[in-house]
Amino acid sequence: MSFFDKIFPWRKNQEDPMYEIDDWNEIVYDRDDLQINDKQQREDYIKGCLEQIAEASTELENLKHEYNMVTSYLKDMEEIESLPEEEMLLLQSYARRIEELSDKQSDYTRRERKLDEAKYRQMERMEDEVQEGCEKLLKAEEYQELIKRDLKRLDGEKQAYQYRKAELQHILEDSRSMAIICTIAVIICILVLLILQYGFSMNTGIGYVAAAALGAAAITAVFLKYNNASEELSRVENGIGRIIRLQNTVKIRYVNNTHLLDYLYMKYQVSSARELQKDYQDYQQEREERERYYSAEKDLDECQKDLIHELRRFQIQDPMIWIHQTRGLLDKKEMVEIRHSLIIRRQSLRRRMDYNKEVVAGKAQDEIKDLAKKYPRYAREIMDTVDEYEKDFS
């Protein structure tokens, strides 16, 4: 089976009408419709063949370069495998160190980051003031809670005073009513005693004394109650006024502290002091991880340079490639697989080179020569153009 048969195995399947197509790998020259006496058609036909040769020549140059590079890799492998044990152990020590450092870098890049890049850059810019900011935020939040407790306590006291004020106002109203009732009752008693005295000629002296004594006692009691309530009401109203003044003072502190918190939250782009502390801790951890990563990167670069230096000392043509395939230096099986892969690549390149040289360029040359042979009157014109292209092809 040919190389292209391996790439396009379906092209051999002629039973399925879906694949009834021309062989794409076979170059066919058809002069049945060519009017050789027509100068334009003749020139276009020759030009097509020459362009085909030029394209094959360019492809051959590229393939030769790749082929020589692969061959150089194989020679380098032979040189490495033939090194003395002591020299090989030195190369393996560098290769092992490179793999260890590469694994560290891979672990860093694969790990889940607690801070995104924007947050990290923000914390990096404000690193010198973050600790102070945490303390300010913590104090402001504690003070905010203290102010809220004071406001709640003042609200409670104010409500208690207002409730007592309502009670005292009710007592005053009741006292006034009781005073009126007692006065009316004394007047009624005196009227009754007057009727008994003058209408029925009864002795009511004791009644007058009793009525006066009871009336005086009742009115005195009511007056004392009213006076006490009035004095307490005055104290309660003064207390309410004092609480209102305290509330206003505390509210001013609350507003100012709230504005301070809002500013600090906006400045550090957080919603609490705890969040800022966590971000700062994550930043410190991330910074340490990055420092280890950069240190490993620096060590890796130095180790790769050392490996390249040693390989150049052993006359290795392309030492750079070995910093990316250190497993081959450490594992013989890996080295065998690398060699096998390179051999396959070189065989593929060889087939492509032969195809372009023999099939593409070769058939085009044969076609032009055959055309010149069959039409000798145009031979000089054709061969002059061919000579120029053949120089480039050679």
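Quick look at the packing of helix H3 (residues 85-110) against helix H7 (residues 273-313)
(1) Moving on: At a closest axis distance of 9 Å, the pairing of H3 and H7 adopts a crossing angle of 155°. In terms of axis orientation, H3 runs roughly antiparallel to H7. The element H3 and its partner H7 pack so that their crossing is left-handed.
(2) Moving on: Of the residues in the contact of H3 with H7, the class split is twelve nonpolar, three polar and ten charged.

Focus on a nonpolar patch on the surface
(1) Moving on: Side chains of Ile187, Ile190, Leu191, Leu194 and Tyr198 sit close together on the surface and give an oily, nonpolar patch of about 480 Å² of accessible area.
(2) Moving on: Relative to the helices and strands, Leu191 is located in helix H5 (residues 127-199).

Some remarks on the packing of aromatic side chains
(1) Moving on: Under the defined criterion, the tally for this structure stands at three aromatic pairs.
(2) Moving on: Summarising the aromatic geometry, the rings of Tyr120 and Tyr283 are spaced 5.1 Å apart at their centres and angled 45° between planes, so their arrangement reads as tilted. Here Tyr120 is found in helix H4 (residues 117-125), whereas its partner Tyr283 is found in helix H7, with 163 residues between them in sequence. For the pair shown, Tyr120 and Tyr283 are each scored as buried.

Concerning helix H6 (residues 205-268)
(1) Moving on: With 64 residues, H6 extends 93 Å from end C-alpha to end C-alpha; this agrees with the ideal 94 Å at 1.5 Å per step.
(2) Moving on: In the segment just after H6, Gln269 is the residue with positive phi, at about 55°.

Some remarks on the nonpolar core
(1) Moving on: By size, the foremost hydrophobic cluster in this structure holds 31 residues, and its most contacted members are Ile80, Leu307, Trp322 and Leu329.
(2) Moving on: Mapped by element, the contributors of at least two residues to this core are helix H2 (39-81), H3, H7 and helix H9 (332-374).
(3) Moving on: For this core, the leading source of residues is H2, giving eight residues.
(4) Moving on: Excluding its chain neighbours within four sequence positions, the residues that come into contact with Leu329 are Ile80, Met88, Leu91, Gln92, Ala95, Leu307, Trp322 and Met335.
(5) Moving on: By size, the runner-up hydrophobic cluster in this structure holds 17 residues, among which are Leu137, Leu261, Tyr268 and Ala273.

Here is what the cut-offs are and how they apply
- Residues numbered from 1 in each chain as written.
- Predicted model: local features only at pLDDT ≥ 70, side-chain atom pairs only at ≥ 80, totals over all residues.
- Heavy atoms only, no water.
- Axes fitted to C-alpha atoms, helices over the stretch in contact; angles between N-to-C directions.
- Helix = DSSP H or I, 4+ residues; strand = E, 2+ residues; numbered from the N terminus.
- Parallel < 35°, antiparallel > 145°, perpendicular 65-115°, else oblique.
- Left-handed = near helix turned anticlockwise from the far one by under 90°.
- Nonpolar A, V, L, I, M, F, W, Y, C, P; charged D, E, K, R; others polar.
- Patch = residues over 30% accessible without salt bridge, like charges linked within 9 Å, V, L, I, M, F, W, Y side chains within 5 Å.
- Areas by Shrake-Rupley, 256 points an atom, 1.4 Å probe, with all protein chains shown as cover.
- Salt bridge = Lys/Arg side-chain N within 4 Å of Asp/Glu carboxyl O.
- Phe/Tyr/Trp six-rings, centres within 6.5 Å; stacked < 30°, edge-to-face > 60°.
- Buried < 20%, exposed > 50% of the residue type's maximum accessible area, 1.4 Å probe, protein only.
- Expected span 1.5 Å × (residues − 1).
- Core = buried A, V, L, I, M, F, W, Y, C linked by side-chain atoms within 4.5 Å.
- Contact = heavy atoms within 4.5 Å.

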